[in-house]
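# Tertiary structure, described
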Amino acid sequence: MAESNVMVLGTWASPFVLRVKIALHLKSVNYENHEENLPESKSDLLLKSNPVYKKVPVLIHGHNPICESLIIVEYIDEVWTTSASSILPSDAYERAQSRFWAAYVEDKFFPALRRLLIGATEEDKKAALAEVVEGTVVLEGAFGELSKGKAFFGGDNIGFVDIALGSLLGWIEVIGKQCETKLVSEAKTPRLVQWADCFSAHEAVKDVLPEVDKLADFGLKLRAKILKALAPTN
Amino acid sequence: MAEEVVLLDFWPSPFGMRSRIGLAEKGIKYEYKEEDLRNKSALLLQMNPVHKKIPVLIHNGKPVCESLIQVQYIDEVWHDKAPLLPSDPYQKATARFWADYVDKKIYDLGSRVWKTKGEEQATAKKEFIESLKLIEKELGDKPYFGGESLGYVDVAFIPFYSWFYAYEKCGNFSIEAECPKLIAWAKRCMQKESVAKSLPDQQKVYDFILQMKKHFGIE
């Protein structure tokens, strides 16, 4: 079936956009990539497609816009069912577990990571670092539980939690370098280290990952911009 | 197979209410266990070690955490009665979007209304009303967010109706004056036994909020 009517509104640096692209690649769905020039400007299409948040990613399928990366990934999994593997497990309990851990990445892990990136003081950074490292240890435990000895959180194949967390690996590396620490360390999280390699090397992932150097550069500029905006004015 | 369903909950929690409604809609018999959040039970800590929060749904000994995940689980396991999520993927995605909006906006902004005062509260009120108006727009002329029957977004959102009186008293404003269609929707939902049985009395919630304010030293 010709997928001429699938469009992704996104930006190259966004890990949330990356989730959508990985999911589409997993399903072998062709799509049109529309790069937004954020935050300088937002296209009319973006504003029309996501009037509530005005953010990327947005998946436009036919005339229908779908927003919020994890919701988009579930949508992709439900629409394109003919391909080899499904992103979410078929068992209801396992599905609940996958959603739980994806939500953990979203609501706990990512905000801590972000605080580490934009931490203004040494104290802020130290607190954020402790939170991020604790998060990786919790996720190492989750990996043990979900993977059942296989390569991915999803088992033999990349699943929902792999996509939720794996999309952050570029930023994890960049932020780690910035703090001069390996955030996903061999010492504390050996299984995650291995998983990260498997994930990054996967067919559906390796060609969409942003270049780490480019991301690092972008990260520095982003941090400066955010800190400037937060700084008290004289 | 004998189904054993336990819900670890706390009576004023809008999140707990979601699961209560979900279970009631499906006609599932379950054991309700009230938690004292200042003295969390060993069972709660064992079943939700990551967040240590309620509600926790325990189905045949296995825990499901996070209220919206619980509602989806309930809908998927007991799928032959009262479907909450639409079967069409796009409609499903839309329902998930708005339930998520309730979590991201309604809950946080509402909390700020009762937790703050002065200028901070004025801003919180304004943003809270804006968020209510936006979701009211999404409801449109439908009887429920789910269309002709109670759906996922209705279940996600209606618990906050039990907190409206508290928000109004703390913020000194009327939600009905701002969002009459939303109040009409809420009253329609309250006609349903599953909802009426699951929501506490608004005055009771307000009294609880007053206690919380005292505890946090707010005003």
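Remember, predicted model here, so these are calculated numbers, not experimental data.

Moving on, we come to the overall build of chain B. The secondary structure content of chain B amounts to eleven helices and four strands. Against the compact-globule benchmark of 17 Å for 219 residues, chain B has a radius of gyration of 17 Å, which places it among compact chains. Its C-alpha atoms give chain B principal-axis dimensions of about 55 × 45 × 30 Å. Relative to its full complement of 219 residues, chain B shows a buried share of 52%. Summing over all exposed atoms, chain B offers an accessible surface of approximately 10400 Å²; the carbon and sulfur share of this is 50%. In chain B, 32 side chains carry a positive charge and 32 a negative one; their mean positions are 2 Å apart.

In this structure's numbering, the residues bearing the UniProt feature "domain: GST C-terminal" (unreviewed entry) are residues 88–216 of chain B. Overall, residues 88–216 of chain B shows 78% helix and 0% strand. The separation of its end C-alpha atoms is 45 Å.

Quick look at the pairing of strand E1 (residues 6–10) of chain A now. Residue and element names in this part refer to chain A. Most of E1 sits out of view: five of its five residues are buried. Side chains Val6, Val8 and Gly10 project from E1 onto one buried face, and the interleaved Met7 and Leu9 project onto a second face that is buried too. Pairing geometry for E1 and strand E3 (residues 58–61), over four bridges, is antiparallel. Within E3, the residue paired with Val6 across the bridge is His61. Here four bridges tie E1 to strand E2 (residues 32–35), and the two strands are oriented parallel to one another.

Among the surface-exposed residues, Lys42, Lys54, Lys55 and Arg114 of chain A together with Lys105 of chain B lie close enough to one another that they form a single positively charged patch. For Lys105 of chain B, the position within the fold is in helix H4 (residues 89–115).

All names here are of chain B. Axis separation between H4 and helix H5 (residues 118–139) bottoms out at 8 Å; the angle between their running directions is 160°. Considered as vectors, H4 and H5 are oriented roughly antiparallel to each other. Handedness of the H4/H5 crossing: left-handed. Contacts between H4 and H5 involve Thr94, Trp98, Tyr101, Val102, Lys105, Ile106, Leu109, Gly110, Arg112 and Val113 from the first element and Gln121, Ala124, Lys125, Glu127, Phe128, Ser131, Leu132, Leu134, Ile135 and Glu138 from the second. Looking at the contact of H4 with H5 residue by residue, the class counts come to eleven nonpolar, four polar and five charged.

Okay, the UniProt feature "domain: GST C-terminal" (unreviewed entry) in chain A next. Per the UniProt entry, the sites bearing "domain: GST C-terminal" (unreviewed entry) are residues 91–220 of chain A in this numbering. Secondary structure content for residues 91–220 of chain A is 74% helix and 0% strand, while the C-alpha to C-alpha distance between its ends is 43 Å.

The subject of this paragraph is the side chain of Asn48 of chain B. All names here are of chain B. Locating Asn48 in the fold gives a position in the loop between helix H2 (42–47) and strand E3 (56–59). Since its relative accessible area comes to 1%, Asn48 is described here as buried. Side-chain polar atoms of Asn48 contact the backbone nitrogen of His51, separated by 3.2 Å. Polar contacts involving the side chain of Asn48 include one to the main-chain carbonyl oxygen of Lys53, which spans 3.0 Å. For Asn48, the residues in contact, after removing those within four places along its chain, are Lys53, Val56 and Cys65.

In the numbering used here, UniProt assigns the feature "domain: GST N-terminal" (unreviewed entry) to residues 3–82 of chain B. Helix and strand shares over residues 3–82 of chain B are 36% and 21% respectively, and the end C-alpha atoms of the span are 18 Å apart.

To continue, consider the interface of chain B and chain A. Quoted interface sizes are often the accessible area lost when the parts come together. On the chain A side, the residues contacting the 24 residues of chain B number 21 residues. Summed over both partners, the interface of chain B with chain A buries about 2100 Å², with 69% contributed by carbon and sulfur atoms. In terms of surface lost to chain A, no three residues of chain B exceed Tyr90, Arg96 and Phe97 of chain B, which account for 27% of the buried area on that side. Remark: the boundary between chain B and chain A carries five salt bridges. Note that Arg99 of chain A and Glu76 of chain B form a salt bridge whose closest N and O atoms lie 3.0 Å from each other. At the junction of chain B and chain A, the tally comes to seven residue pairs in polar contact (both at pLDDT 80 or more). Elements represented by at least two residues in the side of chain B that touches chain A include exactly strand E4 (62–65), helix H3 (67–77) and H4 of chain B. If you tally residues by element for the side of chain B that touches chain A, the top one is H4 of chain B, at eleven residues.

Rules and cut-offs
Residues numbered from 1 in each chain as written. Chains lettered and ligands numbered in written order. Predicted model: local features only at pLDDT ≥ 70, side-chain atom pairs only at ≥ 80, totals over all residues. Heavy atoms only, no water. Helix = DSSP H or I, 4+ residues; strand = E, 2+ residues; numbered from the N terminus. Rg over C-alpha atoms; globule rule 2.2 N^0.38 Å. Buried < 20%, exposed > 50% of the residue type's maximum accessible area, 1.4 Å probe, protein only. Areas by Shrake-Rupley, 256 points an atom, 1.4 Å probe, with all protein chains shown as cover. Lys, Arg positive; Asp, Glu negative; His and termini not counted. Charge placed at Lys NZ, Arg CZ, Asp CG, Glu CD. UniProt positions renumbered as here; feature names shortened; annotations may be inferred. Pairing = 2+ DSSP bridges. Patch = residues over 30% accessible without salt bridge, like charges linked within 9 Å, V, L, I, M, F, W, Y side chains within 5 Å. Salt bridge = Lys/Arg side-chain N within 4 Å of Asp/Glu carboxyl O. Axes fitted to C-alpha atoms, helices over the stretch in contact; angles between N-to-C directions. Parallel < 35°, antiparallel > 145°, perpendicular 65-115°, else oblique. Left-handed = near helix turned anticlockwise from the far one by under 90°. Contact = heavy atoms within 4.5 Å. Nonpolar A, V, L, I, M, F, W, Y, C, P; charged D, E, K, R; others polar. Polar contact = N/O pair within 3.5 Å; in protein donor to acceptor, adjacent residues only side chain to side chain. Buried area = accessible area lost by both parts, 1.4 Å probe.

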